[in-house]
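So you can see what is in the structure, the chains are spelled out below.
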Amino acid sequence: MSKQIQVSGLDAYYGSHKAIEDVSMTIEPRSITAFIGPSGCGKSTFLRTLNRMHEVIPGARVDGKVLLDGEDLYAGTVEPVSVRRMIGMVFQRPNPFPTMSIYENVAAGLRLNGRVSKAQTDAIVEESLKGANLWNEVKDRLNKPGAGLSGGQQQRLCIARAIAVKPQVLLMDEPCSALDPISTLAIEDLMAKLKDEFTIVIVTHNMQQAARVSDRTAFFNLAEQGKPGKVIEMDETSRMFTNPSEKATEDYITGRFG
Ligand SMILES: Nc1ncnc2c1ncn2[C@@H]1O[C@H](COP(=O)(O)OP(=O)(O)OP(=O)(O)O)[C@@H](O)[C@H]1O
Ligand SMILES: [Mg+2]
């Protein structure tokens, strides 16, 4: 199920403002890729171009190519909705549907996929909650509202919702920034487990987290305010954190700026 993403020459705009310029990279399947860099350098924007969420914003557009196992996600024949199903997303703030039960939250995406029987839905809900390391904590209260869970549980619920539709890629934009350290470690453990099955991309401001969880890291930066963000360097995380090629990467990683 896990797939490779190849990006070449990607620019992303908000109206006339170019937010990122000429990004090219390969994101490998069955691995975790981290995006790091200072605020405003376009990490979230780039992440949203990977599943065609960027163009949802009025005036926003993309140039360049994104290939999922060789298939052009921006080809005229491709439906953005099907791209978003193949490439799921988890956001910074856990955003369960507040009035829906835990069960309904996980099942929500399945309904959109067409007819699924009650028995099949039950099985997928259980499997997804197990996959998100949440089943044991919620199995006795599946019909209670998702909003009644702790922040860390809500984020795992959102991950369960995302994996229920069996995406090939999981994009996570600062998924732990609203969580306490224990919940953060629970999500990191979960990511390590999920990478056997999914291609995972995570945006994080936490350098320790990038170093702990990711296999490869891309460092984004802006030449100056108002200029578009670019990828300065991308490599194996172990090398990026011990022996980066670029001074800007080293300065950022060691906390000298950003
Ligand atoms: N909806 C939007 N409309 C217009 N401009 C936007 C929009 N979202 C982001 N931008 C601009 O695009 C640039 C990149 O923003 P983006 O949110 O991608 O950065 P980021 O690296 O994710 O930052 P952070 O680390 O703070 O989340 C910024 O100049 C930002 O102001
Ligand atoms: Mg962001």
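Going by an unreviewed UniProt entry, the chain carries the name Phosphate ABC transporter ATP-binding protein (PhoT family) and comes from Nonomuraea fuscirosea.

Peer 1: I'm lost on the overall build of the chain in this one. Help?
Peer 2: In terms of helices and strands, the chain carries 10 helices and 10 strands. In terms of overall size, the chain behaves like a compact globule, its C-alpha atoms giving a radius of gyration of 18 Å where 258 residues would be expected to give roughly 18 Å. Principal-axis analysis of the C-alpha atoms places the extent of the chain at approximately 55 × 45 × 30 Å. For the chain, the proportion of contacts with a sequence separation of at least 24, taken over those separated by at least 6, is 66%.

Peer 1: Would you mind showing me how to read the nonpolar core here?
Peer 2: A general feature of soluble globular proteins is that nonpolar side chains tend to end up buried together. Ranked by size, the top nonpolar core spans 43 residues in total, and within it Leu129, Ile159 and Leu194 carry the most contacts. By residue number, the principal contributor to this core is helix α6 (residues 151-164), which donates 6 residues. Look past the residues within four positions of Ile159 in its chain and what remains in contact with it is Val90, Ala132, Met172, Ile187, Leu190 and Leu194. Core analysis: the next-biggest nonpolar cluster, separate from the first, contains 30 residues, Val23, Ile27, Cys41 and Met86 among them.

Peer 1: I would appreciate a short explanation of the site of ligand 1 in the present structure.
Peer 2: Close contacts around ligand 1 come from 14 residues, with Ser39, Gly40, Lys43, Ser44 and Thr45 the closest. Take Lys43: an N or O atom from its side chain is 2.7 Å from an oxygen atom of ligand 1. Within the side chain of His205, an N or O atom sits 2.9 Å from an oxygen atom of ligand 1. For ligand 1, the protein covers 63% of the area, taking 630 Å² as the surface of the free molecule. Tallying contributions element by element places helix α1 (residues 43-49) first for the shell around ligand 1, with 3 residues.

About the thresholds
- Residues numbered from 1 in each chain as written.
- Chains lettered and ligands numbered in written order.
- Predicted model: local features only at pLDDT ≥ 70, side-chain atom pairs only at ≥ 80, totals over all residues.
- Heavy atoms only, no water.
- Helix = DSSP H or I, 4+ residues; strand = E, 2+ residues; numbered from the N terminus.
- Rg over C-alpha atoms; globule rule 2.2 N^0.38 Å.
- Contact = heavy atoms within 4.5 Å.
- Core = buried A, V, L, I, M, F, W, Y, C linked by side-chain atoms within 4.5 Å.
- Buried < 20%, exposed > 50% of the residue type's maximum accessible area, 1.4 Å probe, protein only.
- Near = heavy atom within 4 Å.
- Polar contact = N/O pair within 3.5 Å; in protein donor to acceptor, adjacent residues only side chain to side chain.
- Areas by Shrake-Rupley, 256 points an atom, 1.4 Å probe, with all protein chains shown as cover.

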